[in-house]
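Residue-level structure breakdown
So you can see what is in the structure, the chains are spelled out below.
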Amino acid sequence: MIRVIAARELRGLFLSPLAWTLLAVTEALLAWIFLILVNDFQNARGRLAALEHAPGVTDLVVAPLFRVAAWALLLLAPLLTMRLFSEEQRTGTLDLLLSAPVRASQIVLGKYLGVLTFLLSAVALMALMPLTLMAGATLDGGKLLAGLLGLSLLAASCAAAGLYLSSLTAQPIVAATATFGLLLAFWIVDVGAGRGTASELFGYLSLPRHNDALLLGLVRSEDVAYYLLFSVAFLGLTIRRLDNLRLRG
Amino acid sequence: MLVESVMTGETLVAVERLSRRHGQTQAVDAVSFTLERGQILGFLGLNGAGKSTTMRMLAGVLAPDAGRILIDGADLLDQPRRAKQAIGYLPEQPPLYRESTVDEQLCYSARLHGLDRAASHRAMAQVKARCGLANVGQRLTGNLSKGYRQRVGIAQALLHDPPVLILDEPTAGLDPVQAREIRALIRELGRERGVILSTHLLPEVQATCSHVQIMQSGRLVFAGALAELQQRRQSACLRIGLNAPPPVVELARLPTITRVENLGGGQFRLHHAAGAAPARALLDQAHVGGWDLWELTPERASLEQIFVELTLGWETAE
């Protein structure tokens, strides 16, 4: 049942011009940044050769590229998730799902997996660019995979937040704005935090900060757990919200 | 035009004291009824009487504040998936994805109701033929006319072959020809199922339903077979004209007469008890008393009048 809902959602995304436009725009922007990074790396090669433990192409091109890609996800996720539930509430198609013999959790997971598959294919597209470097350089496979894991986890978190906020309103644009605001708040929550326990808390809450270690090739269970908890929390809230919709009418 | 219903006596829907508030207003107030296989139950009422709210609760889209709903023996709250499997629901707005084709829409709905791919395609072919959708499979639902959208909505409710159909205003917005087709389809579907449909059109109930329930401000004000409603219609009054009328009291003393209205000019309206036939006694009395009768017309209250009487709580419909 989850598969049926996810497949419809994914199909819907691939049929909509919005999704293709978003993919094209982010891919073009990332390509531009990729070229700049490769160019910088070429220029710095002479100086790097003189260093003993010189950072490689993975550190100087792939990691910064993925750092920008994380920002791209921040823009992509709200626009891709905004219609998930709000559109169904607006047009009344939610009644079809609610009157079908399906659990609320199945509806939520189906929609989530549908949009997540799309986001992950966007991440895969982003990964293709650094892979072209393999033609002329050796990449650190571990670091590349860790970076991809980070982006995927980030995508999963953003999608879960977007899914929840889209269930709160019947206006897709309101959902998108709210999702962007919420994610941005989690993005910059550690800005201006100094030292002390409160600052550590804010630092821990920050979404991209958990990606930093992954970009260095360091997979820590703490970071993975953060993203998983973030996603599960919002999925739980969405299921609750769907049950509430039935009560509220 | 009553459906020759197959009365197997099997109760498909049992509703007990169903209630639901919307903010301050009591949208549905302790409504109880049952639906049996072979019955087509018409929910009649003015806009805002609580028809849609009741139907949404039956379909499991809206949770009731109080009360119990049994669908084909399964409690909608305790075994929601078993109960929902037994329901085909058409909301006021057919729930169609505008960007899907008719085939995609039907296939999705069939799969949602637990049919596998092969069974879905078989069910789709059958239902499309039944609802006259054979030629529009590749059209986008968003581009269809209102009539076709309504048919897709009904087709969608039929796919998993549910014993209970809940249709919220199935003919709203259709032209008369389309409405006739849909009514014929509903009558046919009602033979082997239980159907609940809502409408605010009386002729629709007369043309389609075997049973009627009239709702007003969340309450059931009438529930029974269509024939019972027709009966109310016959138990109306006699209009008489007399050239030498006796005092009104004397007319009121006639058997089974409940009330006499003086219309002036020697004309009277005699209200009599339901099912009684006072004309014979009246004729005899007029002859004996020499009232010189020149008019005797049975007046039937129209269904409209009964409806207005029931919904607005008027004493008489004049």
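Values in this document were obtained by computation on a predicted structure and should not be read as measured data.

A separate point is the overall build of chain A. What chain A contains, in helices and strands, is eleven helices and zero strands. Its C-alpha atoms give chain A a radius of gyration of 20 Å, near enough to 18 Å, the size a compact globule of 249 residues would have. With the C-alpha coordinates of chain A rotated into their principal frame, the extents come out at 70 × 45 × 25 Å. Burial status across chain A gives 41% buried among its 249 residues. Sequence-distant contacts in chain A: of pairs separated by 6 or more residues, those separated by 24 or more amount to 82%.

Time to look at the environment of Glu 27 of chain A. All names here are of chain A. Note on placement: Glu 27 falls in helix H2 (residues 17-50). Given 17 C-beta atoms within 10 Å, Glu 27 falls into the partly exposed group. Glu 27 sits 160 residues away from Trp 187 along the chain, and the two C-alpha atoms are 22 Å apart.

Residues and elements named next belong to chain B. Taken together, the four strands give an open sheet; going across it, the order is E2-E1-E4-E5, and neighbouring strands pair in antiparallel fashion. Only two strands of the sheet have a single partner each, and these edge strands are strand E2 (25-36) and strand E5 (74-75). In this sheet, strand E4 (residues 66-71) lies alongside strand E1 (residues 11-22) in antiparallel orientation, the contact comprising five bridges. Across the sheet, residue Ala 14 finds its bridge partner in E4, namely Leu 70. Helix H1 (residues 51-58) rests against E1, E2 and E4 of the sheet, and its axis sits at about 120 degrees to E1.

For the rest of this paragraph, the subject is the sheet that holds strand E3 (residues 40-44) of chain B. Residues and elements named next belong to chain B. If you walk across this open sheet you meet the six strands as E6-E7-E8-E3-E9-E10, and the pairing is mixed. In this open sheet, the two edge strands, each paired with only one partner strand, are strand E6 (87-90) and strand E10 (219-225). Neighbour-to-neighbour, the strand axes of this sheet turn through a mean angle of 15 degrees, independent of strand direction. Of the strand pairs in this sheet, strand E9 (residues 211-216) and E10 are connected by six bridges, and their pairing is antiparallel. Within E10, the residue paired with Val 212 across the bridge is Gly 224. With respect to the sheet, helix H5 (residues 146-158) is in contact with E6 and strand E7 (164-168), its orientation differing from that of E6 by roughly 165 degrees. The strands that helix H6 (residues 176-190) touches are E3, E7 and strand E8 (194-199); relative to E8, the one it contacts most, it runs at about 150 degrees.

Taking 1.5 Å as the rise per residue, helix H8 (residues 172-188) of chain A with 17 residues should run 24 Å; its terminal C-alpha atoms sit 24 Å apart, in good agreement. Buried-residue contacts for H8 of chain A involve helix H3 (57-81), helix H4 (83-91) and helix H7 (141-168) of chain A.

Here we come to the interface of chain B and chain A. How big an interface is tends to be expressed through the accessible area that disappears when the partners come together. Residue-level contacts link 23 residues of chain B with 16 residues of chain A. When residues of the side of chain B that touches chain A are traced back to their parent elements, those giving at least two are helix H2 (80-85), E6 and helix H3 (102-112) of chain B. A per-element tally of the side of chain B that touches chain A places H3 of chain B first, with four residues. Taken together, the residues that form the side of chain B that touches chain A break down as twelve nonpolar, seven polar and four charged.

Another aspect to go through is the pairing of E4 of chain B. All names here are of chain B. Where E4 and E5 come together, two bridges link them in antiparallel fashion. When the bridges of E5 are listed, Ile 71 appears paired with Ala 74. Following E4, the chain reverses through two residues before pairing antiparallel with E5; Asp 72 in that reversal takes a positive phi of roughly 50 degrees.

Rules used throughout
Residues numbered from 1 in each chain as written. Chains lettered and ligands numbered in written order. Predicted model: local features only at pLDDT ≥ 70, side-chain atom pairs only at ≥ 80, totals over all residues. Helix = DSSP H or I, 4+ residues; strand = E, 2+ residues; numbered from the N terminus. Rg over C-alpha atoms; globule rule 2.2 N^0.38 Å. Buried ≥ 20, exposed ≤ 12 C-beta atoms within 10 Å, placed from the backbone. Contact = placed C-beta atoms within 7 Å. Pairing = 2+ DSSP bridges. Axes fitted to C-alpha atoms, helices over the stretch in contact; angles between N-to-C directions. Expected span 1.5 Å × (residues − 1). Nonpolar A, V, L, I, M, F, W, Y, C, P; charged D, E, K, R; others polar.

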